[in-house]
Every structure is written in structure tokens, then in C-alpha cells.
Amino acid sequence: MDLTLLRAFVTVAREGNLTRAAERLHLTQPAVSLQIKSLQQSLNLKLFSRTASGLALTPDGSKLLPLAERVLAVSQELLQA
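Residues numbered from 1 in each chain as written. Predicted model: local features only at pLDDT ≥ 70, side-chain atom pairs only at ≥ 80, totals over all residues. Heavy atoms only, no water.

Novice: Even after reading the chapter, I still don't get helix α3 (residues 29-43), so can you show me in this structure?
Specialist: Side chains that are three or four residues apart share a direction in an α-helix, a result of its 3.6 residues per turn. Taking 1.5 Å per residue, 15 residues should reach 21 Å; α3 reaches 21 Å between its end C-alpha atoms and fits that length. Buried within α3 we find Val32, Gln35, Ile36, Leu39 and Gln40. On an axial view of α3, the arc spanned by its buried residues comes to 130°, and they lie on one face. Counted as exposed and oriented over 90 degrees from the buried face of α3: Leu34, Gln41 and Ser42. Looking at the packing, one finds that the buried side of α3 touches α1 (3-15), α2 (18-25), β1 (48-51) and α4 (59-80). (Helix = DSSP H or I, 4+ residues; strand = E, 2+ residues; numbered from the N terminus. Expected span 1.5 Å × (residues − 1). Buried < 20%, exposed > 50% of the residue type's maximum accessible area, 1.4 Å probe, protein only. Arc of directions from axis to C-beta. Contact = heavy atoms within 4.5 Å.)

This is the structure we're talking about:
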């Protein structure tokens, strides 16, 4: 599992917006969009749906979010150890 893709997913989920997520990640919006697309394809899941105000997690995205956050937290702990 690519941690970069998980980081993009978590950031987009928290921001609810690709542009704001890209700014936080110091990437372009198309780059973040491609990361989300790649993660969705690798998991064979739809993680976001478009709304009038941005992006919302699908039920699958909602299930994945806490797991992705834990993976990122544990990877950070590993780097610090």
C-alpha cells in the first residue's frame, strides 16, 4: 500500500475539496486527483462522491478513513522510533 495515496485520501476526506487538499499537500490539484483515482482503482472502490459543496465520502470511503488514519499514524511512529 502506497502511503502517499493514503495521505492524499485522508487529506481530501478532511478538507472535502481537492484544491484545498492539494494546497495542504503542496501538490497540484490534478496530481491529487490522480492519486485518489489510483487508490480507488487499486482498491476497486469508489471513495468519494461529488456534491454541490465539494466531495463527500461514500460508505466505503467512510470505512476506509479510520483505517488509513491509523496506518499513517503507525508509519509516523515507526519513523520516530
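Novice: Explain unusual backbone geometry here, please?
Specialist: Only a minority of non-glycine residues have a phi that is not negative, and only a minority of peptide bonds are not trans. A positive phi angle, close to 60°, is found at His26, a residue other than glycine. Along the chain, the position of His26 falls in the loop between α2 and α3. A positive phi is found at Asn44, a non-glycine position, where the angle reads about 55°. Residue class for Asn44 comes out exposed when judged on its relative accessible area of 70%.

Novice: Help me out: how do you make sense of the pairing of β1 in this one?
Specialist: On any regular strand, side chains alternate: one points to one face of the sheet, the next to the other face. Direction of pairing for β1 relative to strand β2 (residues 54-57): antiparallel, over a ladder of four bridges. Pairing of Arg50 across the sheet is with Leu55, part of β2. The turn linking β1 back onto β2 is made up of two residues. (Pairing = 2+ DSSP bridges.)

Novice: In this structure, what is going on with the environment of Leu39? I would like to understand it.
Specialist: In this fold, Leu39 is placed in helix α3. Given the relative accessible area of 0%, Leu39 is considered buried. Remark: the alpha-carbon pair of Leu39 and Leu6, spanning 33 residues in sequence, is separated by 7.7 Å. Excluding anything up to four places from it in sequence, Leu39 contacts Met1, Leu5, Leu6, Phe9, Leu47 and Leu64.

Novice: How should I be thinking about α4 in this particular structure?
Specialist: With 22 residues, α4 extends 33 Å between its outermost C-alpha atoms, agreeing within 8% with the 32 Å of an ideal straight helix rising 1.5 Å per residue. Taken as a whole, α4 carries its principal kink of about 30° at Leu65; the proline Pro66 stands between one and four residues after it. Looking at α4, one finds that the buried residues are Gly61, Leu64, Leu65, Ala68, Leu72 and Ser75. Elements in contact with the buried residues of α4: α1, α3 and β2. (Bend = angle between axes of the 7 residues up to and from the residue.)

Novice: Teacher, can you tell me more about the nonpolar core here?
Specialist: The nonpolar side chains of a soluble globular protein tend to be buried, and buried together. Membership of the largest hydrophobic core comes to 21 residues, with the highest contact counts inside it found for Phe9, Val12, Val32, Ile36, Leu39 and Phe48. Mapped onto this core, the elements with two or more residues apiece are α1, α2, α3 and α4. The element contributing the most residues to this core is α1, with seven residues. (Core = buried A, V, L, I, M, F, W, Y, C linked by side-chain atoms within 4.5 Å.)

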